[in-house]
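Now for the letters of each chain:
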Amino acid sequence: MLSLALAGKPNAGKSTFYTAATMADVEVGNYPFTTIDANRGVSYARTVCPCQDRDSRCDSDNCQDGIRYVPVDLFDVAGLVPGAHEGRGLGNQFLDQLTDADAIIHVVDAAGATNAEGEPIEVGEHDPVEDVDFIETEMDQWLGAIVSRNWESIERQSRSPDFDIDDALAEMLTGVGATETDVARVLRDLDYPEDPREWTDDHQTQLAADIRAETKPQIVVANKADIAPEENIERLREAAELVVPATADGELALRRAADAGVIDYNPGDDDFDIVGDVSGQQREGLEQIREVMAEYGGTGVQQALDTVVYDVLDHITAYPVEDDTHWTDAQGRMLPDAHLLPSGSTPVDLAYAVHSDIGDGYIHAVDACEGRRISDDHELTEGDVVKIVSDSN
């Protein structure tokens, strides 16, 4: 399962975003370090379910009338403050929690209603653009310190006749969430000495920054868009490559209203229908949320998750089945499972995603949408339904 981390300074709205995205019961407070231990739960990426091409909808609980929600791991790291890499605010502990994340959702207070330390101030008093590079800077310095601390060991290893600097760096950096492939890709584009004793501080700093960029891509969520000055959103969009305006408070209100049967709403919709009895005050609050949704195409919470999964991490959704005619499993359930795979994945990769035994026993695969056998190196695309034939079935 993909693992996504919510990060940012205190009071930016991370815990509200997490609660809305997972509907988990967590503490949300207007003071620093409401979250100490990372909250971890399951959220979902939204896509179109292949069952829309059939006469009936599928049997998965994660399909809502043809809208498919695919599970991802989401965790909320405690608020980081400037100097976190030096241990301020238990920063090193919180940065360590980001190690296993595949990507980072950086929640920024677009309203400028919190200062650099995350303390509440009046709306517009703080420039949110100043917060955009905050997480990357802290992570770069944190990783740089790890590289520096371990460099003496790298130099000692270099005295061995069979020393290979690429292997040594890979061994060190896999401890902070990088894979050997990540390290190889970074080193391929980095100009560096073969002898570690010739490395400068600049070499080490650049290595840390490149590893962070390779292994921890991020997007910016411009949260509190419902109360943010309009120019703040535009300036944030200019300051960062990927920015999703959002109202986590609004999304949480909609999900709770939907659970109560008051509105008809699926996460990621750009509008909702009021179907239950509401007071005048409740209706006014819902209409205010509707105005923000109309401006930004939704509340932004689901859009942020989808952007990370399908755009930043470049994944697709594939559906393994046992019956390629009816798209069912052995129990007759239609499209019960969905797997997120990196673009370029093959039927063999899908087989291993289902189970290692299925992958080990892989024989061939059938494209259930086209009704034809496909090659082992065929690249799967979004929404593919695939029958895996394995001697472990």
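**Things to note about the overall build of the chain**
In terms of regular secondary structure, the chain is built from 12 helices and 14 strands. Since a compact globule built from 393 residues should have a radius of gyration of about 21 Å, the 23 Å found for the chain is in line with a globular shape. C-alpha extents for the chain along the principal axes are approximately 70 × 65 × 35 Å. Residues counted as buried form 53% of the 393 residues belonging to the chain. A separation of at least 24 residues holds for 65% of the contacts in the chain among residues at least 6 apart in sequence. Total accessible area on the chain stands at roughly 18200 Å², and carbon and sulfur atoms take up 41% of it. Between the mean site of the 27 positive side-chain charges and the mean site of the 82 negative ones, the chain shows a separation of 2 Å.

**Describing the side chain of T215**
By the secondary structure assignment, T215 is in helix α6 (residues 201-215). Among the polar contacts made by the side chain of T215, one reaches the main-chain carbonyl oxygen of I211 at a distance of 2.8 Å. Residues in contact with T215, not counting those within four places in the same chain, are A101, D102, A178 and D182.

**Comments concerning the packing of helix α3 (residues 134-157) against α6**
Interaxial distance between α3 and α6 falls to 8 Å at its minimum, and their mutual angle equals 125°. With respect to their mutual orientation, α3 and α6 come out oblique. For α3 against α6, the interelement crossing comes out right-handed. Residues E136, M139, D140, L143, G144, V147, S148 and W151 of α3 touch α6, and the partners they reach there are Q204, L207, A208, A209 and R212. Classifying every residue of the contact of α3 with α6 by side-chain character gives seven nonpolar, three polar and three charged.

**Overview of the pattern of salt bridges**
Scanning the entire structure with this criterion turns up 18 salt bridges. Between D195 and R197 there is a salt bridge, and its shortest N-O distance comes to 3.2 Å. Given a relative accessible area of 22%, D195 falls into the partly exposed group. Notably, a salt bridge pairs D271 with R290, separated by 2.6 Å at the nearest N-O pair. With a gap of 19 residues between them, D271 in the loop between β8 (263-264) and β9 (273-274) and R290 in helix α9 (residues 280-296) connect regions that are remote in the sequence. Taking the relative accessible area as the measure of exposure, D271 reaches 36% and is therefore partly exposed. Look at the salt bridges and you will find they share partners, linking E136, D140 and R212 into a network.

**Remarks on the environment of H339**
Relative to the helices and strands, H339 is located in strand β11 (residues 339-342). As for H339 and Y319, which are separated by 20 residues in sequence, their C-alpha atoms are 6.4 Å apart.

**Concerning unusual backbone geometry**
For D65, which is not glycine, the phi torsion reads 55° and is therefore positive. You can call D65 exposed: its relative accessible area is 62%.

**Structural notes on the pairing of strand β5 (residues 103-109)**
For β5, the buried fraction is high: seven of the seven residues fall into the buried class. Side chains of β5 alternate between two faces, with A103, I105, V107 and D109 and I104, H106 and V108 buried alike. Pairing between strand β1 (residues 3-7) and β5: four bridges, direction parallel. Directly across from L4, in β5, lies its bridge partner A103. Relative to strand β6 (residues 218-223), β5 runs parallel, the two being bridged by six bridges. For H106, the partnering residue across the bridge sits in β6 and is V220.

**Re the sheet that holds strand β14 (residues 384-390)**
Reading across from one edge, β11-β10-β14-β12-β13 is the order of the five strands in this open sheet, with mixed pairing throughout. For this open sheet the edge positions go to β11 and β13 (372-374), each flanked by a neighbour on one side alone. Across the sheet, the mean angle separating the axes of adjacent strands is 45° when strand polarity is ignored. In terms of strand pairing, strand β12 (residues 362-367) meets β14 through five bridges, oriented antiparallel. When the sheet's bridge partners are listed, Y362 is paired in β14 with S390. Along the sheet face, helix α10 (residues 301-312) touches β10 (315-321) and β11 and points at about 85° away from the line of β10. On the sheet, helix α11 (residues 347-354) packs against β10, β11, β12, β13 and β14 and is oriented at approximately 135° with respect to β11.

**Some thoughts on a negative patch on the surface**
Taken together, D164, D166, D167, E171, E180 and E194 make up a surface patch of like negative charges. On the basis of relative accessibility, which here comes to 53%, the residue D167 falls in the exposed class.

**Some points on the confidence of the model for the chain**
Per-residue pLDDT for the chain has a mean of 90; in total, 92% of the residues score no lower than 70. Note on residues 27-36: pLDDT is under 50 here. Beyond four places in sequence and across chains, it has 25 contacts. In this model, residues 87-91 is a region of pLDDT below 50 whose contacts with residues beyond four sequence positions or in other chains number 10 contacts.

**What about the side chain of T22?**
Note that T22 resides in helix α1 (residues 14-22). Looking at T22, its side chain comes within polar contact range of the main-chain oxygen of Y18, at 2.7 Å. What T22 contacts, discounting residues up to four positions off in sequence, is G41, V42, S43 and L74.

What counts and how
Residues numbered from 1 in each chain as written. Predicted model: local features only at pLDDT ≥ 70, side-chain atom pairs only at ≥ 80, totals over all residues. Heavy atoms only, no water. Helix = DSSP H or I, 4+ residues; strand = E, 2+ residues; numbered from the N terminus. Rg over C-alpha atoms; globule rule 2.2 N^0.38 Å. Buried < 20%, exposed > 50% of the residue type's maximum accessible area, 1.4 Å probe, protein only. Contact = heavy atoms within 4.5 Å. Areas by Shrake-Rupley, 256 points an atom, 1.4 Å probe, with all protein chains shown as cover. Lys, Arg positive; Asp, Glu negative; His and termini not counted. Charge placed at Lys NZ, Arg CZ, Asp CG, Glu CD. Polar contact = N/O pair within 3.5 Å; in protein donor to acceptor, adjacent residues only side chain to side chain. Axes fitted to C-alpha atoms, helices over the stretch in contact; angles between N-to-C directions. Parallel < 35°, antiparallel > 145°, perpendicular 65-115°, else oblique. Left-handed = near helix turned anticlockwise from the far one by under 90°. Nonpolar A, V, L, I, M, F, W, Y, C, P; charged D, E, K, R; others polar. Salt bridge = Lys/Arg side-chain N within 4 Å of Asp/Glu carboxyl O. Pairing = 2+ DSSP bridges. Patch = residues over 30% accessible without salt bridge, like charges linked within 9 Å, V, L, I, M, F, W, Y side chains within 5 Å. pLDDT = per-residue confidence, 0-100.

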